[in-house]
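Examination of the molecular architecture
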Amino acid sequence: MLRFIFGFFGAIFTWLTLSAMMGALLLGAVFWTYSKDLPSHEQLASYTPAMISRIYSGEGRLMDEFAHERRLFTPADEIPDLVKWAFISAEDKNFYFHKGFDLRGMAAAAIEAARGGRLRGASTIPQQVVKNFLLSSDRRAARKIKELILSVRLEGALSKDEILALYLNEIDLGVRSFGVTAAAQSYFNKSLDELSTEEAAFLAIHPKAPYSYHPVKNHDAALERRNKVLREMFQNGYIDQAEYDRARAAPILSVQNGDYPSFREGLPPRDYFTDEIRRQLSRNFGEDEFFNGGLTIRATVDPELQEIAAMSLRRGLEDFDRSRGVWRPTGITLTPEQLTDEAAWRAALDETTFPRDIAGWHVAVVLEIGAKDARIGIEGIDEDDDGHWIPAKDVTWARRLLEDDELGRKARVAGDLVRVGEVVHVRAITKDSDGSFVRWSLREIPLLQGGFMAMDVNTGRVLAMQGGFSYQHSVFNRATQASRQPGSSFKPFVYASALDSGFSPATIIIDAPIEVESGGRIWRPQNASREFYGPTPLRTGIERSRNLMTVRLAQEIGMDTVAAYAERFGVYDRMNPYLANSLGAQESTLFKMVAAYAMFANGGERVEPTLVDRVQDRWGTTVYRHDQRACVECSDPNIPPETAPLITSNRERVMNAITAYQLTSMMRGVVQRGTAAGRVNLPVPTAGKTGTTNGALDVWFVGFTSNIVAGCYMGYDQPKRIAGGSGGKMCGPVFNRFMLEAVKRYGGGAFAIPPGGHFINIDRFSGARLPADASGDHVVAEYFRDGEEPVFGVMFDGGFAMGSDLPLILPGTGEGGGEVNTTVTTSDGTVITLDDNAEFGSLSGGGLY
């Protein structure tokens, strides 16, 4: 019997032994099979996480940040123990004791599942690191086996703290924040070493469900889960009883609940400038590197001038829009249920998508329509006993645009423009003696849009850029992305090519009808005034923006020459050599035009515009620097204290320095007495050119002082006529408002006179040479190259008539102009009749055309 019993149990033991051996072999085979072709864990030793790229102003003020995942990296030795303890207690309490996987945790999870409880993964922190970095997140058994294998390998390659640092820097902790450092900033506006015990525990509740424990929306669940983590920290010996009791009793305080200021408080809203940096650097460095590379970017922007640029452009756009007298409802309306009380309408107003980046404007909702006035509730402004009102006298400028696109009656009371529940913009107009607002005015974002840009003429540093009325309303940057016809603001490039081709500012050009055959059709350009002015000096052609003179000039020197100049200056990549393009018919951008004008201002040297001074990678290494000038003596310790080091520039010359000065002098005339006169008036010498396209679809002004160039463009996004619009009238004041402040900050002076020339007094009406002591409004000192003198002539049937010292006698010339059929008497007495059939040709060194 005993023998049978021993045999029976021996068989069972043998069977169990064999089964264990087979199981071990099978398990080993499984692990061996899955251990092949696994991703390498060694890459984690050189972990470079995706990090935020940040943009700073020149003064070091944070302007903006960009990231697909908002993450701030903190090395292992800089993460406080309190934060480590909180996450270990919440996620892997045996972290410091296991070798990558926790058998006790796995057994406990299996028992709990067998009893009908929730199936949980029992993944250790090393397993989660492996899953997050090397594997997918699927729930198949194969992935779990690979996870176990790699976690053991990871334990052999990295220290516990290194593994923990990988985990704490990578995990998603809600509110679009990745890693503990970014999360501490987002929830509490604190650094890691400033966190309290309860705050560290709150961060530790998020790894399993990062968007299920919002401190406001999911407050009760978050509080319960936080207290469980605190209990684990106490039971694991990380905090004592007193600290546990204190932390458990503490409420959840957070940025989201308004208990702490947001780290974004004081950070300006994203604008056109930083978004353009994003666009350009994403193109230059690659989008992945820009959004994930942790770049530190030093912008060229002057924050004060940027605010002035935005204000000036907005004012210009709004002034025109309000002159149209149309009130356009925003289309955003709160329901009656959302207007039941102050708390309700404030909460509803806060949820609206409505531009909030317009300085001085507030978002408001119409609460009540009175007999004459309308009561409003204003975001961020407390209610008072009398309420806030839009008075009837503020609405009489407009008529409401109705649903059928018809206009309502001219407003006499506030109810003629607004309805209860409508969300609107308002601006404070008057204040009480105690500073409280007592009157509000309706505001609306204009349909007319525009762009503005200013830059340093010598370095190319863009100081300000505004791409529209409101970035939050429209992110389309009209300074860099809107390709529109520059109109007459292109003409300086025609005149520059002429000046380099032997013409002078005193050269006489015929302002008379001209016909151009193109594509089987006849093109007959006209001046804006629809008049003709006869023989006129080159200077007047640009001052008064004469189209016929410009076309005749372009025809004479050749459009291929004009196109080469435009391409050299960067106005176009490739310009079509059609005569109509001499009047700015081919599209360009404000960005390109301003950069090109900078080369007039700096004497003809190439300058590349930039929004960025320097870019550093995550390790602080400079990977881009705009200023490539060489500082020859910067490393010399023996430079006298009162002597500045020598800085050399190797910039390419794009035009002759004398040509640049002649053109600048002519463009000063545009401001002094031409198409911008009375609109641009600065305390320093200023040059510029207006531009208004056919049908006034686009209006421009680009101008410069000795050190700053700036330009303004206005037009509808869907091109249509700007009623009564012109570059001088609309863009000139925008430029002037901005430059008045820029001059206060940066100064300005006389334009540098290049060597190799001399001044000669010229009559600006006739082009006649005047004595050196001549004076009067008609006298202008023109700069001629050494060896050149004013020469005058006219081509007629049979040859040229010309005179060198005396002017042609030109009846009817001057500001008022003359007739098309003009009798010209040359200095030698020859009488020539200039009529529609006259032939006009060139004369080397100057002439009449």
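Up top you'll find the structure we're talking about.
A few points on the structure. (Residues numbered from 1 in each chain as written. Predicted model: local features only at pLDDT ≥ 70, side-chain atom pairs only at ≥ 80, totals over all residues. Heavy atoms only, no water.)

1. Thoughts on the environment of Ala165
As a reminder, the rule being used: Runs of E in the DSSP output that reach at least two residues are strands. Runs of H or I that reach at least four are helices, and both are numbered from the N terminus. When accessible area is computed with a 1.4 Å probe and restricted to protein chains, residues below 20% of their type maximum are described as buried, those above 50% as exposed, and intermediate ones as partly exposed. Throughout, a contact is declared for two residues whenever any of their heavy atoms are within 4.5 Å.
With respect to the helices and strands, the residue Ala165 is situated in helix α6 (residues 160-170). What makes Ala165 buried here is its relative accessible area of 8%. Once you skip the residues sitting within four places of it in the chain, Ala165 turns out to touch Ala76 and Ile79.

2. Some words on the packing of helix α15 (residues 491-499) against helix α18 (residues 559-568)
What counts here: Axis definition: a line fitted to C-alpha atoms, limited for helices to the stretch in contact. Angles are taken between N-to-C directions and run from 0 to 180 degrees. Relative orientations are named as follows: roughly parallel for angles under 35 degrees, roughly antiparallel for angles over 145 degrees, roughly perpendicular for angles from 65 to 115 degrees, and oblique for any other angle. Handedness of each helix crossing follows the sense of rotation of the near helix against the far helix: counterclockwise by less than a right angle gives left-handed, clockwise gives right-handed. Ten residues, namely Ala, Val, Leu, Ile, Met, Phe, Trp, Tyr, Cys and Pro, are considered nonpolar, four, namely Asp, Glu, Lys and Arg, are considered charged, and the remaining ones, Gly among them, are considered polar.
Taken N-terminus to C-terminus, the directions of α15 and α18 make an angle of 115°; their axes are 9 Å apart at the nearest point. Taken together, the axes of α15 and α18 are roughly perpendicular relative to one another. Crossing handedness for the pair α15 and α18: right-handed. On the side of α15, the interface is formed by Phe493, Val494, Ala496 and Ser497, while α18 contributes Thr561, Val562 and Tyr565. Residue composition of the contact of α15 with α18, grouped by class: 5 nonpolar, 2 polar and no charged.

3. Structural notes on the pattern of salt bridges
Operational definition: Any Lys or Arg side-chain nitrogen found within 4 Å of a carboxyl oxygen on Asp or Glu counts as a salt bridge.
On inspection of all chains with the given rule, the structure shows 43 salt bridges. Ionic pairing is found between Glu199 and Lys190, a salt bridge with its closest N-O pair at 3.0 Å. Overall, Glu199 belongs to the buried group, its relative accessible area being 5%. Given a relative accessible area of 21%, Lys190 falls into the partly exposed group. Here Arg764 ties to Asp777 by a salt bridge, and the two come within 2.8 Å at their closest N and O atoms.

4. Re the packing of aromatic side chains
Convention followed: Any Phe, Tyr or Trp ring, taking Trp's six-membered ring, that has another such ring centre within 6.5 Å forms a pair; planes under 30 degrees apart are called stacked, those over 60 apart edge-to-face, and the others tilted. Only Lys NZ and Arg CZ are tested; either one counts as a charge over a ring when it is within 6 Å of the ring centre and within 35 degrees of the ring normal.
As enumerated under the stated definition, the model contains 28 aromatic pairs in all. Judged by centre distance (5.1 Å) and plane angle (45°), the rings of Phe493 and Phe600 are tilted. One end of the pair, Phe493, is in helix α15; the other, Phe600, is in helix α19 (residues 590-601), and 107 residues separate them in sequence. Of the residues examined, Phe493 reaches a relative accessible area of 0% and is grouped as buried. Centre to centre, the rings of Tyr597 and Phe704 are 6.4 Å apart; their planes meet at 75°, and the pair counts as edge-to-face. One end of the pair, Tyr597, is in helix α19; the other, Phe704, is in strand β25 (residues 698-704), with 107 residues separating them in the sequence. The pair Tyr597 / Phe704 is uniform in exposure class, with both members buried. Grouped by ring-pair contacts, the aromatic residues Phe490, Phe493, Phe569, Tyr572, Tyr597, Phe600, Phe704 and Phe751 constitute a single cluster. A cation sits over an aromatic face here: Arg322 above Trp397, 4.1 Å from the ring centre. Over the ring of Trp619 we find Arg618, and its NZ or CZ is 5.6 Å from the ring centre.

What is shown is where atoms sit, not what they do.
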